[in-house]
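Tertiary structure, described
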2 protein chains.
Amino acid sequence: MRLRAIVAIINPVNKADKLETMRHSASHVMAGAVLSLFPDARFGIGPAIEDGFYYDFDLPRSLTPEDLPVIEERMREIIKADLPFRHRELPRDAARKLFAAQPFKLELLDEIADDKAGVYEQGDFVDLCRGPHVASTGEIGAFKLTGIAGAYWRGDEHNAMLQRIYGVAFKSQPELEEHLARLEEAKKRDHRKLGRELEIYMFDDEVGPGLPLWLPRGGAIIEEIEKLAKEMEFKYGYVRVRTPHITKEDLFKRSGHLPYYADSMYPPMELEGVKYYVKPMNCPMHHKIFSSRSRSYRDLPVRIAEYGECYRYEKSGELFGLMRVRSMQMNDAHIYCSEDQFEQEFASVVFLYLEYFKIFNITEYYMRLSTHHPSGLGKKYVGNGAMWLKTEDMVRQAMKKNNITYDEVPDEAAFYGPKIDVQVKSAIGREFTLATNQVDFSQSESFDLKFINREGKEERPLIIHRAPLSTHERLIGFLLEHYGGAFPTWLAPVQVRLVPVADRHIGHARGLEAELKGRGIRAEVDDRSERMNLKIRQAQMDKVPYMLVIGDKEAADNSVSVRRRSGEQVPPQPFAAFLASLSEEIAAKA
Amino acid sequence: MRLRAIVAIINPVNKADKLETMRHSASHVMAGAVLSLFPDARFGIGPAIEDGFYYDFDLPRSLTPEDLPVIEERMREIIKADLPFRHRELPRDAARKLFAAQPFKLELLDEIADDKAGVYEQGDFVDLCRGPHVASTGEIGAFKLTGIAGAYWRGDEHNAMLQRIYGVAFKSQPELEEHLARLEEAKKRDHRKLGRELEIYMFDDEVGPGLPLWLPRGGAIIEEIEKLAKEMEFKYGYVRVRTPHITKEDLFKRSGHLPYYADSMYPPMELEGVKYYVKPMNCPMHHKIFSSRSRSYRDLPVRIAEYGECYRYEKSGELFGLMRVRSMQMNDAHIYCSEDQFEQEFASVVFLYLEYFKIFNITEYYMRLSTHHPSGLGKKYVGNGAMWLKTEDMVRQAMKKNNITYDEVPDEAAFYGPKIDVQVKSAIGREFTLATNQVDFSQSESFDLKFINREGKEERPLIIHRAPLSTHERLIGFLLEHYGGAFPTWLAPVQVRLVPVADRHIGHARGLEAELKGRGIRAEVDDRSERMNLKIRQAQMDKVPYMLVIGDKEAADNSVSVRRRSGEQVPPQPFAAFLASLSEEIAAKA
């Protein structure tokens, strides 16, 4: 099973969008401002993009951040002048003359199919452009230039390197400010930043790109998530297996992954004349376990679960924090069932998702049913049209009967069957496919999976591939942003930090630490010789849910002064009372 | 860290052993018996081996098991006749004439260095042989022929295939019978047999040799063992990490494993011009995590634990069930400490072992301290003589102060420091290095590991490598033989099997199953339409600790009739009482 790539764009640019037109016009205004500052500037292209615009320039010197306010000021003057955007159609030759000093424009002109070229003009600046634009520069709303970057002409590293200026633009100043605040928040909540600050995970050059090492605090989160998954899966009737991470190529030949999927796999290791691969997915191993003994209809459904670690080759340039990695620990399972069990099994998986979402307080999600398209049968999709229609309808029935709403997207199914993807949005607006629930009526055939039905005849089981908790990498990356690093107590890497006021209180603090740990609570003593306020600030930065300040009074009557990471101070209370309420909070995953 | 290979031979053959001489003579007697049955037989060699002997023959027809009693009968006649073993020295030429019809003997004669050849003769049979032998055939004790196998002449597959007859021989009939009984028991307890029968693990040709797939029942055992390890390690102050299974070669270059250890590693995968390896051990990854932040003496000891999966290349011919595999899940951890913390940390690890041994009821074990030898400094051992003496003495002190007895074995240390190996003996007499506790004063240097000591100066930590619970593979292989498959309840893959007397009791049984599972107990209903006795026999064969028979009476008053796998029947009792005592037994790991 393969999780879909991250869906990065939340508001896809709509070609007919008014806002987009305004942003495109803003890029022309910026180009006009640059022209007035650098009369010899050569111009590349300047499109609208999500939330804003950019323009690429070839300039006599490198820009610095200090240039941006100056350019912004010129832009404001142009906007204030409310210059009209004038559109003209020119014969190609006339256009060539007009852009004689602009080599990039000439190159674009050469590629225009018909003999006419459209240009837009505002004030001194004229550009080769299809439009549309706003009527005049006064219609441009609130904007801000946000950065400078290098960019090859037409994205090709063999071409000249240009300077790109990015900007954002919105209809109104409040909208712009809201956007900038969100960006600021996103920066703070970025899982890569939090992951480093909170010591959740690391990368190492000698280990390799895309291969995260989970530090002890990340390890604690993983352990809690696995514990939750194992308890839930036990409750839902799964059994657990363990399978190797390397396998002979034979297995992935049978599954059909080689050679079609080889590009996303690590290259083989050749041993004793045999090619071995690190596994990109667990499915074939589970199929082997299903078929390791004869199965009767009474044994079904068989639900085989494993936190299986998979390895996939993603290009270096596509790696992205914990979201796009090369090694991933997947909350994987395969359910083998008969057709008449399918509806209940499929719905049961969806309910499992919903139960998890409640625990993690995930409220922004939607389900997407991806179906086949007849034109792809035998190519993109297993060539059994009847089975497609049948299983798609089974999924629809399962969803409808259980009142689960979903969107339907044609022509996005997996190779082997229809699927439900669960999309969630993180606190900073990134959307992910967090979980997936896929039907498979094809691999049963490849692996000769069968069971003896009520009539005593052999029958192929249907397979459901599912991963409600995604991979540890993607889930924890998501949760870091979702919680802004402030994990709920049950999930927090350090649940209690004990802060002795002076060195003489360390002994008592150690005693409490031992009591807490005896209850399985992750507690630690900050025994540094630092001021108490500094220790408390540190605990807040580490986003530890509870700080217990231990001074003379607390040591004397075995009480604790409790502070929450929010800064809130709880009145002093007996240690036993704190321990009881904390244990309850953790058990309830509150 | 590397676990030592299995120590397979418990009673190594002692060259001067009287028993061995007798077994060697028995092989000549067997050859004499074969000669009398097959006058054209050609003779290979016939040495004594552990517990017995064999002889290789070239015969006009294939032997069958029915031949063995006939040969035994002839042997008994020769023994009864009490023929003397006569020794002669012949000139080589005379020997060549004597063995003119024996091509294998002629080949051996050609290789004798001096001009004389020794022969031994009893009755009609004469053999080229250095001896020694017993005085006469009457001195041969109790024996039994145990099997026939094919064997290439001199073990070379390019040579002729001979027929080998195996026998065992002991001084007395009771000793022989005890040995045969032990063999019988060993066969029953062999982890490979039990592993298959109890559905613990499997191998698959398409996955590859030495790469076990853990079936659900094996998965349940693994989960319990990991849970135990994680609880114990939390109690002992370890933190948990997760590290990738693949890494750039740089990491193992730095650690010094490449190229010295490359033969035991899987070959590399080449990606984007970089070589990646599946890791043969976790150490370097943990070192990276230790050095990912600055450490003060206050942070030490740092105890980093991981159930890390490692991959090592063992030759196909050396693979052996779960005992010698290519993929292994190791109960690994590394402790980074200062010199003055060493003694306590090292002893604490040994105490952890002893705590585990109590839980698993392992009573036959001994500790072995392996030290360096000065002649190997700079070659087999890191070239720092003073550190060797110092750390070896630290280990001795740690052991002695804590009254832990051990044997000392010189010249068997790890490359990087002295170590304690823990040897255990399984119920069928196989001895294993189950656990190991190794000192390392070398890798701190290679990975530039350091901490700031009390004086504010940089210092290198000492490292302890430890794996008290070995690998899942070796530990579970051992435990299968240790318990003969009858795992204690807390560890049993299925803890309770519910046996409905008739189909109408299935509903009630399912209700009890749900209650048991609600308490985390692994219960299942045997709902097949089979006779009750057959279901009970099946549960006994599956070595399920408790069977609950559910009939009309039990369904009516919510009681249970309990049977143990031993066959013992417990008087009927309320279900609630059974549930309470079972929960207690599991919690106590009784």
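This text goes with the structure placed above it.
Figured I'd write up the structure that's included with this text. (Residues numbered from 1 in each chain as written. Chains lettered and ligands numbered in written order. Predicted model: local features only at pLDDT ≥ 70, side-chain atom pairs only at ≥ 80, totals over all residues. Heavy atoms only, no water.)

Before going further, it helps to examine the sheet that holds strand E6 (residues 125–128) of chain A. Residues and elements named next belong to chain A. On the basis of which strands lie adjacent, the open sheet formed by three strands has the order E4-E5-E6 and antiparallel pairing. At either end of the open sheet lies a strand with only one pairing partner, and these are strand E4 (86–91) and E6. In this sheet, neighbouring strand axes are inclined to one another by 30° on average, regardless of whether the strands run parallel or antiparallel. Pairing geometry for E4 and strand E5 (residues 116–122), over six bridges, is antiparallel. Each residue of the ladder has a partner; that of His-87, found in E5, is Tyr-120. Sheet contacts for helix H1 (residues 18–37): E5 and E6; angle to E6, the most-contacted strand, approximately 125°. (Pairing = 2+ DSSP bridges. Helix = DSSP H or I, 4+ residues; strand = E, 2+ residues; numbered from the N terminus. Axes fitted to C-alpha atoms, helices over the stretch in contact; angles between N-to-C directions. Contact = heavy atoms within 4.5 Å.)

How big an interface is tends to be reported as the loss of accessible area on association of its parts. Counting residues at the interface gives 65 residues for chain B, matched by 66 residues for chain A. Both sides together, the interface formed by chain B and chain A hides about 5600 Å², and carbon and sulfur atoms give 57% of it. Among the residues of chain B in contact with chain A, Glu206(B), Phe234(B) and Arg242(B) are the three that bury the most area, contributing 15% of the side total. Here Lys288(B) makes a salt bridge to Asp204(A), at a shortest N to O gap of 3.3 Å. The tally of links between chain B and chain A comes to 38 residue pairs in polar contact (both at pLDDT 80 or more). Looking at the side of chain B that touches chain A, the element that brings in the most residues is helix H7 (residues 216–235) of chain B, giving seven residues. Looking at the side of chain B that touches chain A residue by residue, the class counts come to 28 nonpolar, 13 polar and 24 charged. (Buried area = accessible area lost by both parts, 1.4 Å probe. Salt bridge = Lys/Arg side-chain N within 4 Å of Asp/Glu carboxyl O. Polar contact = N/O pair within 3.5 Å; in protein donor to acceptor, adjacent residues only side chain to side chain. Nonpolar A, V, L, I, M, F, W, Y, C, P; charged D, E, K, R; others polar.)

Further remarks concern the packing of aromatic side chains. Under the criterion given, the structure shown has 40 aromatic pairs over all chains. Between Tyr201(B) and Phe203(B), the aromatic rings sit 5.6 Å apart at their centres with planes inclined by 85°, giving edge-to-face as the arrangement. Note on Tyr201(B): relative accessible area 7%, which makes it buried. Judged by its relative accessible area of 36%, Phe203(B) falls in the partly exposed class. For the ring pair Phe357(B) and Tyr365(B), a centre distance of 4.9 Å and an interplane angle of 55° mean the geometry is tilted. Here a set of aromatic residues connected by ring pairs shows up, and it is made of Phe43(A), Tyr55(A), Phe57(A) and Phe125(A). Positioned above the aromatic ring of Tyr54(B), the side-chain terminus of Arg164(B) is 3.7 Å from the ring centre. Across from the ring centre of Trp490(B), 5.1 Å away, lies the NZ or CZ of Lys589(B), which sits over that ring. (Phe/Tyr/Trp six-rings, centres within 6.5 Å; stacked < 30°, edge-to-face > 60°. Buried < 20%, exposed > 50% of the residue type's maximum accessible area, 1.4 Å probe, protein only. Lys NZ or Arg CZ within 6 Å of the ring centre and 35° of its normal.)

Residue and element names in this part refer to chain B. Relative orientation of the contacting elements helix H1 (residues 18–37) and helix H2 (residues 67–80) amounts to 115°, with a least axis distance of 9 Å. One way to sum up the angle between H1 and H2 is to call them roughly perpendicular. You can see that H1 and H2 cross each other, and the crossing is right-handed. Judged by residue contacts, Ala-26, Val-29, Met-30, Gly-32, Ala-33, Val-34, Ser-36 and Leu-37 of H1 engage Val-70, Ile-71, Arg-74, Met-75, Ile-78 and Ile-79 from H2. Split into classes, the residues belonging to the contact of H1 with H2 amount to eleven nonpolar, two polar and one charged. (Parallel < 35°, antiparallel > 145°, perpendicular 65-115°, else oblique. Left-handed = near helix turned anticlockwise from the far one by under 90°.)

We now examine the relation of the copies chain B and chain A. With an RMSD of 0.6 Å, the operation that places chain B on chain A is a rotation of 179° combined with a shift of 0.2 Å along the axis. Put plainly, the chains are arranged around a two-fold axis. Identified as the residue of chain B closest to the rotation axis by C-alpha distance is Met269(B), at 2.7 Å. Interface residue correspondence from chain B to chain A reaches 100%, placing this contact among same-surface, isologous pairings. (Least-squares fit on C-alpha atoms with pLDDT ≥ 70 in both.)

Any link to function would need more than the numbers given here.
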